[in-house]
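Okay, here's what each chain looks like letter by letter:
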Amino acid sequence: MLQSLAGSSCVRLVEQHRSAWCFALLVLGYLLYLVFGAVVFSSVELPYEDLLRQELGKLKQRFLEEHACLSEQQLEQFLMRVLEANNYGVSVLSNASGNWNWDFTSSLFFASTVLSTTGYGHTVPLSDGGKAFCIIYSVIGIPFTLLFLTAVVQRIIVYVTRRPVLYFHIRWGFSKQVVAIIHAMVLGFVTVSFFFLIPAAIFSVLEDDWNFLESFYFCFISLSTIGLGDYVPGEGYNQKFRELYKIGITCYLLMGLIAMLVVLETFCELHELKKFRKLFYVKKDKEEDQVHIMEHDQLSFSSISDQAASMKDDQKANEPFVNSQSPTSNDSSLNN
């Protein structure tokens with residue numbers, strides 16, 4: 001008896017605080033996912049980093065042995081200066097000296113990566129004026145970009161998602177939830193094909209040093225706005241039609257970002273996903289909802305009554321020759 005009562009009380013306690021328990025599990029799952037990623041990245045990448053360090057150390061030692069007139073301190077100062085310039089997108093290599101990072105097309109590409117918060121980091125402002133302008137430009141441009149993308153996605157999703165789902169639901173009588181799920185899967189497959197697989201194949205051909213996996217990696221890192229900057233197209237010294245290529249990449253990034261947002265919005269409108277998200281949200285109190293509804297109804301009723309009274313006054317003003325009779329006089333006339 002006591003065990004059944006304790007079990008029922010525990011069940012009631014869990015049901016009353018279900019949202020809090022789900023949120024705690026969500027936080028715990030997210031932290032475990034972070035730790036899992038750190039363990040995998042460390043185990044996979046650390047051996048390659050150690051191997052590269054050993055190779056660079058041997059190469060440096062061999063260079064010092066072949067050039068005895070050069071001290072190790074002088075070599076390190078030179079390398080530090082070269083690496084610092086390379087972090088700003090300036091290379092001392094002869095095959096890269098012909099590429100400018102701040103011509104119009106490169107600046108247009110940089111502006112698009114800043115406003116879309118991709119931020120590859122391969123090119124950054126060098127001057128103080130450029131850094132100050134970048135701050136002001138981003139403060140105004142990023143909300144402007146979000147407004148622009150939201151407006152575009154809201155219009156596209158009506159024709160791409162809502163109307164097709166409603167058409168198959170009404171015309172063919174299929175379940176709306178089933179149609180929405182199938183449509184989301186088809187839309188996701190089309191987006192992956194046209195904005196990941198096909199562009200990855202194109203980049204693997206246009207970029208000499210990229211294979212298909214590296215090209216697909218660039219597409220995903222770019223359209224997910226991660227923007228690590230380890231792969232940036234159009235930076236090769238023998239790149240043909242570099243200006244046109246940069247403009248094409250800028251258009252691809254904007255269109256791909258819009259497509260990704262449309263797909264995410266489509267999946268977010270699925271009924272099952274909405275129910276799943278509600279598990280982690282804070283539920284509103286019923287009393288607050290009732291008060292809000294009563295206030296809304298009271299305001300709407302008062303506004304309707306005021307509107308009706310004003311309409312009656314306007315009608316009386318527009319009909320000056322109609323004799324107004326009281327209800328009592330009308331009743332007496334009817335009785336007579």
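What you see is a predicted model, and the numbers here were worked out from it, not measured in a lab. (Residues numbered from 1 in each chain as written. Predicted model: local features only at pLDDT ≥ 70, side-chain atom pairs only at ≥ 80, totals over all residues. Heavy atoms only, no water.)

Q: Just checking my understanding: could you explain the environment of I258 for this structure?
A: Relative to the helices and strands, I258 resides in helix α8 (residues 242-268). Between the alpha carbons of I258 and F148 there is a distance of 10.0 Å; along the sequence they are 110 residues apart. If near-sequence neighbours (up to four positions away) are discounted, I258 is found in contact with L149, V152, V153 and I156. (Helix = DSSP H or I, 4+ residues; strand = E, 2+ residues; numbered from the N terminus. Contact = heavy atoms within 4.5 Å.)

Q: Can you walk me through the UniProt feature "transmembrane region" (unreviewed entry) in the protein chain in this structure?
A: UniProt marks residues 21-44, 135-157, 178-203, 215-232 and 244-264 with the feature "transmembrane region" (unreviewed entry), using the numbering shown here. For residues 21-44, the helix share is 100%, the strand share is 0%, and the end-to-end C-alpha distance is 34 Å. Counted over residues 215-232, helix gives 50% and strand 0%. Its end C-alpha atoms are 10 Å apart. (UniProt positions renumbered as here; feature names shortened; annotations may be inferred.)

Q: Is there a simple way to think about the side chain of S106 in this case?
A: Checked against the element boundaries, S106 lands in helix α4 (residues 104-115). Here S106 falls in the buried class, since its relative accessible area comes to 6%. Engagement of the side chain of S106 in a polar contact is seen with the side chain of D103, the distance being 2.6 Å. Leave out the neighbours within four places in its chain, and S106 touches W100, N101, R242 and K246. (Buried < 20%, exposed > 50% of the residue type's maximum accessible area, 1.4 Å probe, protein only. Polar contact = N/O pair within 3.5 Å; in protein donor to acceptor, adjacent residues only side chain to side chain.)

Q: So what exactly am I meant to see when it comes to α4 here?
A: Count 3.6 residues to each turn of an α-helix, and residues three or four apart come out pointing the same way. In this model α4 runs 16 Å from its N-terminal to its C-terminal C-alpha over 12 residues, within 8% of the 16 Å that 1.5 Å per residue would give. Those residues of α4 that fall on the buried side of the exposure criterion are T105, S106, F109, F110, A111, S112, T113, V114 and L115. At the C-terminal side of α4, T117 shows a positive phi close to 60 degrees. (Expected span 1.5 Å × (residues − 1).)

Q: So what exactly am I meant to see when it comes to the pattern of salt bridges here?
A: Close approach of charged atoms lets side chains of opposite charge pair. Summed over all chains, the structure comprises five salt bridges. Between K60 and E76 there is a salt bridge; the shortest N-O distance is 2.6 Å. With a gap of 16 residues between them, K60 in helix α2 (residues 18-66) and E76 in helix α3 (residues 72-87) connect regions that are remote in the sequence. Looking at K60, the relative accessible area reads 25%, which means it is partly exposed. (Salt bridge = Lys/Arg side-chain N within 4 Å of Asp/Glu carboxyl O.)

Q: Explanation requested: the packing of helix α5 (residues 128-171) against helix α6 (residues 176-206) in the structure shown.
A: When two helices pack together, you describe them by how their axes are tilted relative to each other and by the distance separating the axes. As a packed pair, α5 and α6 sit with axes 9 Å apart at the nearest point and diverge in direction by 135 degrees. Taken together, the axes of α5 and α6 lie oblique to each other. For the crossing formed where α5 meets α6, the hand is right-handed. Taken together, the residues of α6 that come into contact with α5 (itself represented by V160, T161, P164, V165, F168 and H169) are K176, V179, A180, H183 and L187. Tallied by class, residues from the contact of α5 with α6 come to seven nonpolar, three polar and one charged. (Axes fitted to C-alpha atoms, helices over the stretch in contact; angles between N-to-C directions. Parallel < 35°, antiparallel > 145°, perpendicular 65-115°, else oblique. Left-handed = near helix turned anticlockwise from the far one by under 90°. Nonpolar A, V, L, I, M, F, W, Y, C, P; charged D, E, K, R; others polar.)

Q: Whenever I open this one, the packing of aromatic side chains confuses me. Can you help?
A: Each aromatic ring pair is characterised by the separation of its centres together with the angle its planes make. Here the structure, examined in full by the defined rule, presents 14 aromatic pairs. Ring centres of F203 and W210 lie 6.1 Å apart, and the angle between their planes is 55 degrees; this geometry places the pair in the tilted category. Taken as a pair, F203 and W210 share a single burial class, namely buried. Here W210 and Y231 contribute two aromatic rings whose centre-to-centre distance is 5.6 Å and whose plane-to-plane angle is 85 degrees, an arrangement assigned as edge-to-face. Here the residue W210 occupies a position in the loop between α6 and α7 (212-223), and Y231 occupies one in the loop between α7 and α8, the gap between them amounting to 21 residues. Taking the relative accessible area as the measure of exposure, W210 reaches 10% and is therefore buried. When its relative accessible area of 24% is taken as the criterion, Y231 is described as partly exposed. (Phe/Tyr/Trp six-rings, centres within 6.5 Å; stacked < 30°, edge-to-face > 60°.)

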